[in-house]
Amino acid sequence: MSVMEQDSAGAPARASLMNDPKVRGYFYQVLLVVLLLTFGYIIVTNTVANLERQNIASGWGFLGNTAGFGIIQSLASYSETSSYGQAIFVGFLNTLLVAVVGIFCATIVGFVVGIARLSNNWVISRLAYCYVELIRNVPLLLQIFFWYFAVLRAVPGKREKWSLFDTFHLNIAGLRGPKPIWEPGAEFIGYALIIAIIATVAVSRWARKRQEETGQQFPMFWTAVGLIVGLPVITYFITGMPMQLEHPNFVETGPRLRQGFELGVGMNLIPEFLALTAALAIYTAAFIAEIVRAGIQAVSHGQTEAAHALGIRQGPTLRLVIIPQAMRVIIPPLTSQYLNLTKNSSLAVAIAFPDLVSVGGTVLNQTGQAIEIIGIWMAVYLSLSLLTSAFMNWYNQRMALVER
Amino acid sequence: MASSQMFQIRTEEAPTLPAPVSTTGVIGWMRQNLFSSIGNTILTVIGILIAYWIIAPFIQFAFIDAVWTGDNREACLPQDGGHSGACWAYVEAYFPQFIYGRYPSVETWRVDIVYALFALLLVPLAIPSVPYKRMNAILFLIVFPIVAYFLLTGLVIGGTVILPIVETAVWGGLLVTLVIAVTGIVASLPLGIALALGRRSQMPIIKLVSIIFIEFWRGVPLITVLFMSSVMLPLFLPEGVTFDKLLRVLIGVTLFSAAYMAEVVRGGLQAIPKGQYEGAMALGLRFWPMMYLIILPQALKLVIPGIVNTFIGLFKDTTLVLIVGMFDLLGQIQSSFTDPTWSTPSQGHTGYLFAAIVFFVFCFGMSRYSIFMENKLHTGHKR
């Protein structure tokens, strides 16, 4: 016993300090920190010296200065006399707009194509396959150029139009459609919508609980549709129709310069927005289609067979057995595709759609505040991606298989 | 006797009847796959119509109405008010620019040699059954870049010009696309491996630094990285030191793709069972020999498809460099649109179609290869 104790006590002393994994670990980490600090110090001193030479004062003061450039599409109030900070905020809103519309369209197209790829119909599944392979293997920037320079330049000129149902009109100045004008009292519609959503959540909880206890099913889908659509519509009529549609005004007579759509009447989507959103949605949809296909295929066929053996029909099998299990596989890569779409929306700068990067680039050129602008870009995109990964971790934890 | 025999015994087996015509051959296949129900038939008709609406105008544009030869825009102008087809004569005239950029035409043989060497080394490396993989890899990853560097930029030893210097500013077209993509992937592989090992390290600071690095680069769009490398990088350097523009872009692209590569490699490392580590340690191997001899060969082999996919992504993303003012294949095509000699209504469509075909051929080929490798490496579940 004493011999062993001696041995184990003596071992560290015999081994050289160099070979102690702990000591080596500390050594490498300290070395890394020192290297990083030196590197950082060199960069900071160089940058400070370079900025001084170029007479650029670093700091955030420039955000308050007058921007002096116009932005062709803005969701917030903006004019040429607004500040740089407001311009960047408008760009950020445009990025969000493209991202939200793009994600919405990409999800629909992606799910349809993904399911079409699994179709028994040979023509349909081949079409979906060709769509996925063609779109995935061509660079996004090329597709944006294609939509912007090749497709949207081939539409009618300013004084002509293509119309759909006489409501939506497309020409080289963009897509025009009716714009809702809210009158006083319209806020009640919004309240009604919020109440309807809360009620839907409450009813669905109650319905699930009742089903778990008694096995009785509740027509949840139609109840939800009725509540979410019905309540705002009823409110709309009760409050005396406080919303009007403003249709775009197409001038066909008069002086030639005045012909075409009247400015500021109706809703207008600029061609840059259309091209960017179309390209992003179609490109991302191809990836989403693959994710959906893989997700559905990941559910083993035995699940379908077992459900059928229990006497569950085709529809409920899909809805209650296959899709919940497929979603577990689909959601994580789907969120990362959403994030990719948001990051790819920065390609807007190539066709001068005023998104965060594009507006930031203009500000950068005017003020020369490279570090601050790039800092803003990185901070915005990083926080978006960190939020997404936080959501994903939460979802994974919630949906992880509970193994017993 | 004969009349009392009310039954018949068959002594030989009845010949099997052929399957009904409606379930075999082309007709059966069509009935099963295209017209099994009313809904399916409607889908088939809609599908064929969609295909027709897409393919017919495309063939009309790319082949039937296309102009194959000509010296200037006159050849490609629409005849008597009709629609004009693809102007392939323009692509033909611009072909050297699309491939070499503005590389001096007397020196383009150097680019050709690099292309040939690249193909010659890559093909045996990509085919699993060809021997001498290790030597091939060393040639491809170490010797080839050095040779290519001197061939492309030029070589001057002690004042005597062996190969005239060619500035990177005149490079362009497919050359720039390939240089950025290949350098990006080759340089990001070791960096990515180091980051992946760092992320799985026991040492907290190294782990933290790796995680921050990876998540930072993965969280920002490539376009901001390119802006950063072209606007911010010069600020970081001491006065008087300037970087070549291509080199700055290469640094940005490498750091960006290293982060993605690190995540791919990490996936491979995680797939290696713990027993492999323990076995290596039991044999007395230290960290680096263990990684180099036991873990990485298995892990990297597993993630070859992932590496190829990263490469496809990077290859497509090289088009973004045109935004910071470089001329890759797409940038070169885009800039050729300003030439009045070939300005016709169909010029843009033709140029984009050409670019799309080139990118599609490269990317589709690589993705097929990745699927092939996946099937080849996926031996675990097959019997």
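Here goes a summary of the coordinates provided. (Residues numbered from 1 in each chain as written. Chains lettered and ligands numbered in written order. Predicted model: local features only at pLDDT ≥ 70, side-chain atom pairs only at ≥ 80, totals over all residues.)

Considerations on the overall build of chain A
- Counting its secondary structure elements, chain A contains twelve helices and eight strands.
- Computed over C-alpha atoms, the radius of gyration of chain A comes to 29 Å, more than 25% over the 22 Å expected from 2.2 N^0.38 for 404 residues, which places it beyond the range of a compact globule.
- When the backbone C-alpha atoms are referred to their principal axes, chain A occupies close to 105 × 80 × 45 Å.
- Sorting the 404 residues of chain A into buried and exposed places 29% on the buried side.
- Within chain A, contacts between residues separated by at least 24 positions form 65% of all contacts whose residues are at least 6 apart in sequence. (Helix = DSSP H or I, 4+ residues; strand = E, 2+ residues; numbered from the N terminus. Rg over C-alpha atoms; globule rule 2.2 N^0.38 Å. Buried ≥ 20, exposed ≤ 12 C-beta atoms within 10 Å, placed from the backbone. Contact = placed C-beta atoms within 7 Å.)

As for the overall build of chain B
- In terms of regular secondary structure, chain B is built from 15 helices and two strands.
- Across its three principal directions, the C-alpha atoms of chain B cover 120 × 80 × 40 Å.
- The buried share among the 383 residues of chain B stands at 30%.
- For chain B, contacts bridging at least 24 residues in sequence account for 66% of all contacts bridging at least 6.

Remarks on the environment of B:Phe364
- Along the chain, B:Phe364 turns up in helix H15 (residues 347-377).
- Considered as a pair, B:Phe364 and B:Ile312 are 52 residues apart in the sequence and their alpha carbons are 8.8 Å apart.
- For B:Phe364, the contacting residues outside a window of four places in its chain are A:Glu133 and A:Asn137.

Remarks on the interface of chain B and chain A
- Contacts between the two partners involve 43 residues from chain B, matched on the other side by 44 residues from chain A.
- At the level of secondary structure, the elements contributing two or more residues to the side of chain B that touches chain A comprise helix H2 (38-64), helix H8 (204-219), helix H9 (222-236) and H15 of chain B.
- Broken down by element, the residue count for the side of chain B that touches chain A peaks at ten residues, all from H15(B).
- Residues of the side of chain B that touches chain A, tallied by class, amount to 31 nonpolar, ten polar and two charged. (Nonpolar A, V, L, I, M, F, W, Y, C, P; charged D, E, K, R; others polar.)

A word on the sheet that holds strand S8 (residues 267-269) of chain A
Residue and element names in this part refer to chain A.
- Read from one edge to the other, the open sheet built from four strands follows the order S1-S2-S3-S8, with strand pairing classed as antiparallel. Since the sheet does not close on itself, it has two edges, and those belong to strand S1 (162-164) and S8, each with one partner. Averaged over all adjacent pairs, the angle separating strand axes in this sheet is 20°, with direction ignored. (Pairing = 2+ DSSP bridges. Axes fitted to C-alpha atoms, helices over the stretch in contact; angles between N-to-C directions.)

Focus on the packing of helix H4 (residues 88-100) of chain B against helix H7 (residues 173-199) of chain B
Residue and element names in this part refer to chain B.
- Relative orientation of the contacting elements H4 and H7 amounts to 20°, with a least axis distance of 2 Å. In terms of axis orientation, H4 runs roughly parallel to H7. Across the interface between the two elements, Gln 97, Phe 98, Ile 99 and Tyr 100 of H4 pack against Gly 173, Leu 174 and Leu 175 of H7. (Parallel < 35°, antiparallel > 145°, perpendicular 65-115°, else oblique.)

As for the nonpolar core
- Counting 134 residues, the largest nonpolar core has A:Ile144, A:Leu276 and A:Ala279 as its most contacted members.
- Ignoring anything within four residues of it in the chain, the contact list for A:Ala279 reads A:Leu140, A:Gln143, A:Ile144 and A:Trp147.
- The next biggest cluster of nonpolar side chains, apart from the first, holds seven residues, and it includes B:Ala86, B:Cys87, B:Tyr90 and B:Val91. (Core = buried A, V, L, I, M, F, W, Y, C linked by C-beta atoms within 7 Å.)

Overview of the pairing of strand S2 (residues 168-171) of chain A
Residues and elements named next belong to chain A.
- A one-sided burial pattern is seen for S2, the buried positions being His 169 and Asn 171 and the unburied ones Phe 168 and Leu 170.
- Examined bridge by bridge, S1 and S2 share three bridges and lie antiparallel to one another. Residue Leu 164 lies in a different strand from S2, and its bridge partner there is Phe 168.
- As defined by bridge partners, S2 adjoins strand S3 (residues 174-177) across three bridges and the pair is classed as antiparallel. In the strand pairing of S3, Leu 170 is matched with Leu 175.
- Linking two consecutive strands that pair antiparallel, namely S2 and S3, is a turn of two residues.

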